[in-house]
Amino acid sequence: SASPSLPLTQFQVAGCPGKVLFFHTAPPSDGSLNCSSGSSGFFSSSKEKSLFQPPEHCVALAQECVAQGCSFHLFLFSQQAVGGAWPGHTPYLTGGGVYSYGCLQGQVDSEQFHSDLRRCVDTETGYRVEMQVSVSKGLRVSGCFGAFTPGPDPAHIRLATIDWHTALAVQFTHHSPLDEERGVVIQVALSYTSSLGERRTRVHSLSLRCSRHLVDTFRNCQAETLLTFYCKRVYCAVLTRPLQDLRDELLTELTAMLTCYRQHCSTTALTHGQCESRPCAAPGCPGPCSGVWGRRGAAVWPWPSQPASDAVSAVHSWSCPRA
């Protein structure tokens, strides 16, 4: 089949962004590992790098798509299992998608393919996206996780495309107590090019209160948003860190969170086996607070790692307009 970079070249010659739809009838192979039916899981595998590390040409193609403002959508028609980081790496970093069909002989597969293709083409999309996150004094952006190529500044994010599916997780950190009376202000400026070629900018500003009381923090937290944040953070770290270390770190943080809630917010007596005690951060030490923007534009700042220091605890939702 043709090279995936050929359709992108046409967009580069025309000097416009768009969507690259690539139809592949054979399982793409670059020498990486294929799916195995063995009983050993990823955590006991000695080839994690081979499983999750994308090949260089996939990374280069994703960077070219981001620079041009093109999302990559792969429609794969193959009955064979496909393993490794390809073919999902390039669509993931460009806001595209992977659609796999075992065959198109049945009515169900034909209807599914028609539905996926129509949704891919008709979805309103913004191209050549730039997002700048600004915060008030005392707060800083320490990380951003999602489907994009990370740059040197976590507060400035570039994406190939954006639509109503796009969700990013932003982590904020403060190194000194925050002012409870003034609170904090977070502003997000999103610039993109519409399908009509118009350059648009949307600005969202949040004014959030601060509280040193953990009861307020846990009351305003949202479990689904926390789950989204941790999933995105761990997923982005899979390429550079062993899975076992990520799992142990995640278990430690979640256990510390439950222990902190039991100690400071719960009136029920803790019984043996309900929660494993893990040491929390020492009082007064700087800790992170995290925010997640999802489909509904929700921003949630979860639990603080230190009981005695100030932490942002607020939930703010707004109707996020489509591109």
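Worth saying up front: this structure is predicted, and the values here are computed from it rather than measured.

Let's shift gears to unusual backbone geometry. At Arg128, a residue that is not glycine, the phi angle is positive and equals roughly 50°. Residue position: Arg128 is located in strand 4 (residues 126–135).

We now examine the pairing of strand 8 (residues 184–193). Burial analysis of strand 8 places 7 of its 10 residues in the buried class, which makes it a mostly covered element. With 7 bridges connecting them, strand 4 and strand 8 associate as antiparallel partners. The residue bridging Gln132 from the neighbouring strand is Ala189, located in strand 8. As paired elements, strand 8 and strand 9 (residues 199–208) share 10 bridges and run antiparallel to each other. If you follow Thr193 over to strand 9, its bridge partner there is Arg199. Once strand 8 ends, the chain turns through 5 residues before running back antiparallel as strand 9, passing Gly197 with a positive phi of about 90°.

Within the secondary structure, Ala147 sits in the loop between strand 5 (140–145) and strand 6 (156–162). With a relative accessible area of 25%, Ala147 lands in the partly exposed category. Between the C-alpha atom of Ala147 and that of Tyr92, which follows or precedes it by 55 residues, the distance is 5.7 Å. Non-local contacts of Ala147, meaning those with residues more than four positions away in its chain, are made with Tyr92, Leu93, Leu159 and Leu168.

Glancing now at the nonpolar core. In terms of nonpolar packing, the biggest core is built from 23 residues, with Met131, Val133, Ile157, Leu168, Phe172 and Ile186 touching the most fellow members. Elements supplying a minimum of two residues to this core: strand 4, strand 5, strand 6, strand 7 (168–174), strand 8 and strand 9. Looking at this core, the element that brings in the most residues is strand 8, giving 5 residues. Contact partners of Met131, with chain neighbours within four places excluded, come to Ala155, His156, Ile157, Leu168, Val188, Ala189 and Leu190.

Rules behind the numbers
- Residues numbered from 1 in each chain as written.
- Predicted model: local features only at pLDDT ≥ 70, side-chain atom pairs only at ≥ 80, totals over all residues.
- Heavy atoms only, no water.
- Helix = DSSP H or I, 4+ residues; strand = E, 2+ residues; numbered from the N terminus.
- Buried < 20%, exposed > 50% of the residue type's maximum accessible area, 1.4 Å probe, protein only.
- Pairing = 2+ DSSP bridges.
- Contact = heavy atoms within 4.5 Å.
- Core = buried A, V, L, I, M, F, W, Y, C linked by side-chain atoms within 4.5 Å.

It is worth stressing that arrangement in space is one thing and function is another; only the former is reported here.
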